[in-house]
Each structure stands twice: as structure tokens, then as C-alpha cells.
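Chain by chain, the residues:
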Amino acid sequence: ALPISHLRHVAGGRSADVGSERLFRFEFPEAPGALRKFLSYFEDSFFNVSLFHYRNYGHDFGRVLVGLQASQSKEDDQKLDAFLDALGYRYAEETSNATYKQFMTDEG
């Protein structure tokens, strides 16, 4: 689903300045102001948004692909996991996705 929903629209590959990126796919109920509400959670977060792609097909839910930078410490990973769980949106981590690795990282 990741290649069809998002990666086919993302061109240029990974920035050389992005390190320690983790990739997440979110779904949230689509309603007026829903995207703004979703984005507001990231305003004061500890993490840098390194990639953002929003897809709206007119369905009942919006799809967002977000890359977040965090250091590689276990403590920061735990903070990020707690932050994501507190958002209350359905999400899946895509950092290990083969297509993402091939086209959007140095590992490809």
C-alpha cells in the first residue's frame, strides 16, 4: 500500500541532511479542520518533520506519510513511541519497508 499511496508521488529521494529518520503512515477521520488538527500535534513536538505527504481521495479518512527525525538513542525512540501512541490516530511504521529503503534511503 505504501508504494501506491505515497511513494509514487515523492520524487528526488532522500536529502543528504536527513539522518535518523523513521517513517510512519497515518490515517485519520476526514472532516473539516482534520488535517490542521493532525498537524497541530507536531508544532511543539520534540521531533523534526523531515518528510510529509498527504493523500485525500475523498474517502472518510485521510492518509498521511510522515518522516520524523530523532536521535538514535533508546530514550528518544521511547519518547517518539509515546508521542505517537498519544496522538490517538491509527498508524504503522514503514521505516523497514523495502520500497522506502530502495528509493528513499542510502540503503537502496
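Structure: see above.
Residues numbered from 1 in each chain as written. Predicted model: local features only at pLDDT ≥ 70, side-chain atom pairs only at ≥ 80, totals over all residues. Heavy atoms only, no water.

**As for the environment of Phe-28**
Item 1. Summarising the element assignment, Phe-28 is placed in strand E1 (residues 21-29).
Item 2. Among the residues examined, Phe-28 registers a relative accessible area of 1% and is labelled buried.
Item 3. Taking the C-alpha atoms as reference points, Phe-28 and Tyr-89, separated by 61 residues in sequence, lie 5.8 Å from one another.
Item 4. Sequence-distant contacts of Phe-28, that is, excluding residues within four places in its chain, are made with Ala-34, Leu-35, Phe-38, Tyr-54, Asp-60, Phe-61, Gly-62, Val-64 and Tyr-89. (Helix = DSSP H or I, 4+ residues; strand = E, 2+ residues; numbered from the N terminus. Buried < 20%, exposed > 50% of the residue type's maximum accessible area, 1.4 Å probe, protein only. Contact = heavy atoms within 4.5 Å.)

**Re the packing of aromatic side chains**
Item 1. According to the stated counting rule, one finds 14 aromatic pairs in the structure shown.
Item 2. Plain terms: the ring middles of Phe-38 and Tyr-89 are 5.3 Å apart, the flat faces sit at 70 degrees to each other, and that makes the pair edge-to-face. Here Phe-38, found in helix H2 (residues 34-43), pairs with Tyr-89, found in the loop between helix H3 (74-87) and strand E4 (90-93); they are 51 residues apart in sequence, far enough to count as distant. Each member of the pair, Phe-38 together with Tyr-89, is buried.
Item 3. By way of ring pairs, the aromatic residues Phe-24, Phe-26, Phe-28, Phe-38, Tyr-41, Phe-42, Phe-46, Phe-47, Tyr-54, Phe-83, Tyr-89 and Tyr-91 are connected into one cluster.
Item 4. Above the plane of the ring of Phe-46 lies Lys-79, whose end atom (NZ or CZ) is 4.3 Å from the centre. (Phe/Tyr/Trp six-rings, centres within 6.5 Å; stacked < 30°, edge-to-face > 60°. Lys NZ or Arg CZ within 6 Å of the ring centre and 35° of its normal.)

**Considering the nonpolar core**
Item 1. Phe-26, Phe-38, Leu-68 and Leu-84 are the most contacted members of the largest nonpolar core, which has 16 residues in total.
Item 2. Broken down by secondary-structure element, the contributors of at least two residues to this core are E1, H2, strand E3 (61-69) and H3.
Item 3. Per-element tally for this core: the top contributor is H3, with 4 residues.
Item 4. The residues contacting Phe-26, other than those within four sequence positions of it, are Phe-38, Phe-42, Gly-62, Arg-63, Val-64, Val-66, Leu-84, Leu-87, Tyr-89, Arg-90 and Tyr-91. (Core = buried A, V, L, I, M, F, W, Y, C linked by side-chain atoms within 4.5 Å.)

**Some words on the environment of Asp-77**
Item 1. Residue placement: Asp-77 occurs in helix H3.
Item 2. In this structure Asp-77 comes out as partly exposed when scored by relative accessible area, which is 27%.
Item 3. Separated by 55 residues in sequence, Asp-77 and Arg-22 place their C-alpha atoms 9.6 Å apart.
Item 4. Contacts of Asp-77, omitting those with residues within four sequence positions, involve Arg-22 and Ser-71.

**Structural notes on the sheet that holds E3**
Item 1. One open sheet accounts for 4 strands, arranged E2-E3-E1-E4; its pairing is antiparallel. At either margin of the open sheet sits one strand with a lone partner, and together these are strand E2 (48-55) and E4. The average undirected angle you get between the axes of adjacent strands in this sheet is 20 degrees.
Item 2. Relative to E4, E1 is paired through 4 bridges, and the arrangement is antiparallel. Bridging from a neighbouring strand, Phe-26 pairs with Tyr-91 of E4.
Item 3. In the packing of H2 onto the sheet, contacts are made with E1, E2 and E3, and the angle to E1 comes to roughly 145 degrees. (Pairing = 2+ DSSP bridges. Axes fitted to C-alpha atoms, helices over the stretch in contact; angles between N-to-C directions.)

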